[in-house]
Amino acid sequence: MLELRLDLHTHLKIAKRTAFRPVDAHRAAAAIQRRGLHGLAITEHAHGKGFWDIYQFLLREHPYRHGRFEVDGARFYPGMEVTLDEHVDIAFIAPIDELRRLDDAFEHRLTDGYHPTAYELADRVDELELSAIRVAAHPVRTDKPAGRIPPELLGHLAHAVEANGRFTSEQELHSLESLAAQIHTPIVGGSDAHVWPQIGAVATSLSATSDRFADVRDAVLAGRCRPIFGDNIDRRIQIADRLKSRDKHRLPRLSRMPHLSASDSFTV
């Protein structure tokens with residue numbers, strides 16, 4: 001078995017309405033190397049402007065094999081964070097073709113700002129037989145608690161629940177452990193970083209047969225995973241917040257949807 005250390009919740013955009021900057025992908029890859037991790041999942045918000053621009057750039061500039069990119073020595077697994085009508089977030093980590101299928105599975109595309117209900121998302125995922133890792137993102141966050149969804153439905157939707165870099169108090173972790181036990185899922189870790197200093201604040205250790213997406217997915221589904229916590233998490237969050245706030249005020253906001261749709265043509 002191969003031990004992989006992956007940050008399973010990251011963003012390569014500063015904010016939903018700022019444009020993707022290629023330099024942020026390179027900064028993220030450098031941060032991964034410095035933290036002693038092997039890779040990350042790009043769980044960008046589906047309804048954020050320019051969602052598909054990220055993958056257009058990565059496909060053009062970096063090798064994409066077996067469901068993951070190779071960026072400056074780091075593995076980047078494609079993903080998408082979907083906000084439900086109930087204001088609960090489910091992160092999908094999946095090959096690009098599977099993300100396209102998910103985006104196109106509703107009356108209106110997720111990347112055009114559509115927010116399905118939990119029942120609707122569950123139906124679509126079952127119909128598609130989607131090859132993805134599904135994670136209940138920051139499920140103990142007070143303004144987006146996963147408890148808004150009935151436990152049996154949440155357990156159907158999520159393969160794992162997330163220890164999130166911003167919610168790591170003893171009480172929050174205790175609540176997370178209780179939720180994981182209630183819906184019979186493992187716990188994974190993700191930093192929820194929007195800027196590089198936060199990457200790896202919380203990550204995931206997996207025992208997988210390889211770093212191919214399919215084997216990473218098998219490891220999560222089999223429960224061969226656990227969260228790992230970095231040093232000085234609170235300090236990293238503070239630095240990241242200052243940097244994110246500064247850049248959000250400096251960068252122009254996108255007011256239109258200039259991105260590629262899921263069905264526009266670029267080659268995998």
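In this report, we go over the structure that sits alongside the text. (Residues numbered from 1 in each chain as written. Predicted model: local features only at pLDDT ≥ 70, side-chain atom pairs only at ≥ 80, totals over all residues. Heavy atoms only, no water.)

**Digging into the overall build of the protein**
Part 1 of the reasoning: Within the protein one finds eight helices and eleven strands.
Part 2 of the reasoning: For the protein, the C-alpha radius of gyration of 17 Å lies close to 18 Å, the compact-globule estimate for 268 residues.
Part 3 of the reasoning: When its C-alpha atoms are laid out on the principal axes, the protein stretches across 45 × 40 × 40 Å.
Part 4 of the reasoning: For the protein, buried positions account for 57% of its 268 residues. (Helix = DSSP H or I, 4+ residues; strand = E, 2+ residues; numbered from the N terminus. Rg over C-alpha atoms; globule rule 2.2 N^0.38 Å. Buried < 20%, exposed > 50% of the residue type's maximum accessible area, 1.4 Å probe, protein only.)

**Here we look at the environment of Gly189**
Part 1 of the reasoning: Looking at the secondary structure, you find Gly189 in strand 9 (residues 187–190).
Part 2 of the reasoning: The spacing of Gly189 and Thr204 is 15 residues in sequence and 4.7 Å in space, taken between C-alpha atoms.

**Brief notes about the side chain of Asp247**
Part 1 of the reasoning: Locating Asp247 in the fold gives a position in helix 8 (residues 233–250).
Part 2 of the reasoning: Ignoring any residue separated from it by four or fewer positions in sequence, one finds Asp247 in contact with Ile14 and Arg21. (Contact = heavy atoms within 4.5 Å.)

**What about unusual backbone geometry?**
Part 1 of the reasoning: Not every positive phi belongs to a glycine, and His87 is a case in point at roughly 60 degrees.
Part 2 of the reasoning: Here His87 lies in the loop between strand 5 (74–83) and strand 6 (89–93).
Part 3 of the reasoning: Phi is positive for His138, close to 30 degrees, though the residue is something other than glycine.
Part 4 of the reasoning: Position of His138 relative to the elements: it lies in the loop between strand 7 (133–136) and helix 5 (151–157).
Part 5 of the reasoning: In this structure His138 comes out as buried when scored by relative accessible area, which is 2%.

**Things to note about helix 3 (residues 96–103)**
Part 1 of the reasoning: Among the eight residues of helix 3, six are classified as buried, and the element is accordingly described as predominantly covered.
Part 2 of the reasoning: Within helix 3, the full set of buried residues consists of Ile96, Glu98, Leu99, Arg100, Leu102 and Asp103.
Part 3 of the reasoning: Contacts from the buried residues of helix 3 go to helix 2 (51–61), strand 3 (64–65), strand 4 (68–71), strand 5, strand 6 and helix 4 (118–128).

**Let's talk about the packing of aromatic side chains**
Part 1 of the reasoning: According to the stated counting rule, one finds seven aromatic pairs in the structure shown.
Part 2 of the reasoning: In this structure an aromatic cluster arises from ring pairing among Phe51, Trp52, Tyr55, Tyr64 and Phe69. (Phe/Tyr/Trp six-rings, centres within 6.5 Å; stacked < 30°, edge-to-face > 60°.)

**Quick look at the environment of Gly155**
Part 1 of the reasoning: Its place among the elements puts Gly155 in helix 5.
Part 2 of the reasoning: A relative accessible area of 28% places Gly155 in the partly exposed class.

**Regarding the pairing of strand 6**
Part 1 of the reasoning: Within strand 6, five of the five residues are buried, which leaves the element mostly enclosed by the surrounding structure.
Part 2 of the reasoning: Neither face of strand 6 is open: one carries Asp89, Ala91 and Ile93, the other Ile90 and Phe92, and all of them are buried.
Part 3 of the reasoning: Alignment of strand 5 against strand 6, held across five bridges, turns out to be antiparallel. Residue Met80 lies in a different strand from strand 6, and its bridge partner there is Phe92.
Part 4 of the reasoning: As paired strands, strand 6 and strand 7 are joined by four bridges and run antiparallel to one another. Bridge assignment links Ile93 to a residue of strand 7, and that residue is Ile133. (Pairing = 2+ DSSP bridges.)

**Digging into the packing of helix 2 against helix 3**
Part 1 of the reasoning: Put simply, helix 2 and helix 3 touch, their axes get as near as 12 Å, and they point 160 degrees apart. Put simply, helix 2 runs roughly antiparallel to helix 3. Seen along the crossing, helix 2 lies across helix 3 with a hand that is left-handed. For the pair helix 2 and helix 3, the contacting residues are Trp52, Tyr55 and Leu59 in the first and Ile96, Leu99, Arg100 and Asp103 in the second.
Part 2 of the reasoning: Grouping the constituent residues of the contact of helix 2 with helix 3 by class yields five nonpolar, no polar and two charged. (Axes fitted to C-alpha atoms, helices over the stretch in contact; angles between N-to-C directions. Parallel < 35°, antiparallel > 145°, perpendicular 65-115°, else oblique. Left-handed = near helix turned anticlockwise from the far one by under 90°. Nonpolar A, V, L, I, M, F, W, Y, C, P; charged D, E, K, R; others polar.)

**Topic: the pattern of salt bridges**
Part 1 of the reasoning: Here the structure, examined in full by the defined rule, presents 17 salt bridges.
Part 2 of the reasoning: Arg68 is the partner of Glu70 in a salt bridge, and the nearest nitrogen-oxygen pair spans 3.5 Å.
Part 3 of the reasoning: Overall, the relative accessible area of 32% leaves Glu70 in the partly exposed class.
Part 4 of the reasoning: Between Arg109 and Asp104 there is a salt bridge, and its shortest N-O distance comes to 2.7 Å.
Part 5 of the reasoning: With relative accessibility at 24%, the residue Arg109 sits in the partly exposed group.
Part 6 of the reasoning: On the basis of relative accessible area, Asp104 is assigned to the partly exposed category, the value being 36%.
Part 7 of the reasoning: Residues participating in the shared-partner salt-bridge network are Arg21, Asp24, Arg27, Arg246 and Asp247. (Salt bridge = Lys/Arg side-chain N within 4 Å of Asp/Glu carboxyl O.)

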